[in-house]
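An overview of the molecular structure
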Amino acid sequence: MKNKRKIVMTSLLVIALLLVTIGVSFAFFNYVGTGQETSTVETGTLSFVYDEDLPSGNSIALTNALPMSDTEGKALTGASGVFDFQIRATTTGVPIYYEIMLEKNDTSTLDENVVKVYLTEVGETETEVTDPINNQAINTYNKLGETSIEGMKGKTLYQGTINPTVHNLTKDYRLRMWLS
């Protein structure tokens, strides 16, 4: 009798274990089967390009600079008078927000209220770009608003949005700086 009872208990235990295994396998199969849809999320890419053709790079240095008028500053040309750069973007389905910002070099001794900045978008002609705070094309560094980029310090020169319907975009910019 004891042996018969032992065989029945063992059989019931094996059957229960088998049912649990089948149940878990079916649930796993069901879960995997319903998760096989392809979901694609696409966003855009944004590149910042600037000219490094010169050995010293393309930069504006206000070393031993003399003050000049806004008219003279807006007319600056050449490798040390302007900083040319480009924004390239490829968008798919979402707008891309970007900000052009300036950051003062930690070693600079210039007073922020004497450094003037002027940004233009370069195409067939140069078009003035206004800053988002003062809505002016020419500003002193100290009048520009603080950057909205988290973890960065500097001043916002321009904020833009690239529309998702424009799939490939290239914008050329030119920055000029001078002493007032």
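Small disclaimer: the values here were computed from a predicted structure and weren't measured.

A few words now on the nonpolar core. Residues I100, L119, L157, Y173 and L175 are the most contacted members of the largest nonpolar core, which totals 23 residues. Taken together, the elements giving at least two residues each to this core come down to β2 (82–90), β3 (96–102), β4 (115–122), β7 (155–162) and β8 (168–179). Counting residues per element, this core draws most heavily on β8, which supplies five residues. Apart from the residues within four sequence positions on either side, L157 is in contact with I100, M101, L102, V117, L119, T130, D131, P132, L144 and L175.

So, about the pairing of β7. The buried fraction of β7 amounts to six of the eight residues, a majority that puts the element mostly inside the structure. Bridge count for β3 against β7 is seven bridges, and the pairing is antiparallel. Bridge pairing links E99 to Q159 in β7.

Here we come to the packing of aromatic side chains. Counting across every chain of the model gives five aromatic pairs. Seen in terms of ring centroids, F83 and F85 are 5.6 Å apart; in terms of plane orientation they differ by 35°. Their pairing is tilted. Residue F83 is classed as buried on the basis of its relative accessible area, which comes to 18%. Chaining the aromatic ring pairs together yields one cluster made of F83, F85, Y98, Y158 and Y173.

Attention now goes to the side chain of K171. Here K171 is to be found in strand β8. E121 provides the closest opposite charge to the buried, unpaired K171, separated from it by 4.1 Å. In this structure, K171 is in contact with F85, Q86, I87, Y98, E121 and Y158, ignoring residues within four places of it in sequence.

Quantified by volume, the largest pocket comes out at close to 500 Å³. Tallied by class, the residues present in the lining of the largest pocket amount to ten nonpolar, six polar and four charged.

Here we take up the confidence of the model for the chain. In the predicted model, the chain carries a mean pLDDT of 75, and 67% of its residues have values of at least 70. Of all secondary-structure elements in the chain, the lowest mean pLDDT belongs to helix α1 (residues 2–34), at 52, while strand β5 (residues 126–128) reaches the highest, 96. Segment residues 18–42 is flagged for pLDDT under 50; beyond a separation of four residues in sequence, or across chains, it makes two contacts in the model. With pLDDT under 50 throughout, residues 51–56 is counted as low confidence; its partners more than four residues away or in other chains account for five contacts.

With that settled, consider unusual backbone geometry. For N135, which is not a glycine, the phi torsion comes out positive at approximately 55°. Residue classification places N135 among the exposed positions, given a relative accessible area of 58%.

Scanning all chains against the criterion turns up eight salt bridges. With its nearest N and O atoms 3.0 Å apart, the salt bridge here joins R176 to E126. Here E126 lies in strand β5 and R176 lies in strand β8, a separation of 50 residues in the sequence. Between E146 and K155 there is a salt bridge, and its shortest N-O distance comes to 3.0 Å.

About the thresholds
Residues numbered from 1 in each chain as written. Predicted model: local features only at pLDDT ≥ 70, side-chain atom pairs only at ≥ 80, totals over all residues. Heavy atoms only, no water. Core = buried A, V, L, I, M, F, W, Y, C linked by side-chain atoms within 4.5 Å. Buried < 20%, exposed > 50% of the residue type's maximum accessible area, 1.4 Å probe, protein only. Helix = DSSP H or I, 4+ residues; strand = E, 2+ residues; numbered from the N terminus. Contact = heavy atoms within 4.5 Å. Pairing = 2+ DSSP bridges. Phe/Tyr/Trp six-rings, centres within 6.5 Å; stacked < 30°, edge-to-face > 60°. Lys, Arg positive; Asp, Glu negative; His and termini not counted. Salt bridge = Lys/Arg side-chain N within 4 Å of Asp/Glu carboxyl O. 1 Å grid on protein atoms, 1.4 Å probe; cavity = no way out; pocket = protein on both sides within 12 Å on 5 of 7 lines; lining within 4 Å. Points joined across faces, edges and corners; volume = space filled by probe spheres on them. Nonpolar A, V, L, I, M, F, W, Y, C, P; charged D, E, K, R; others polar. pLDDT = per-residue confidence, 0-100.

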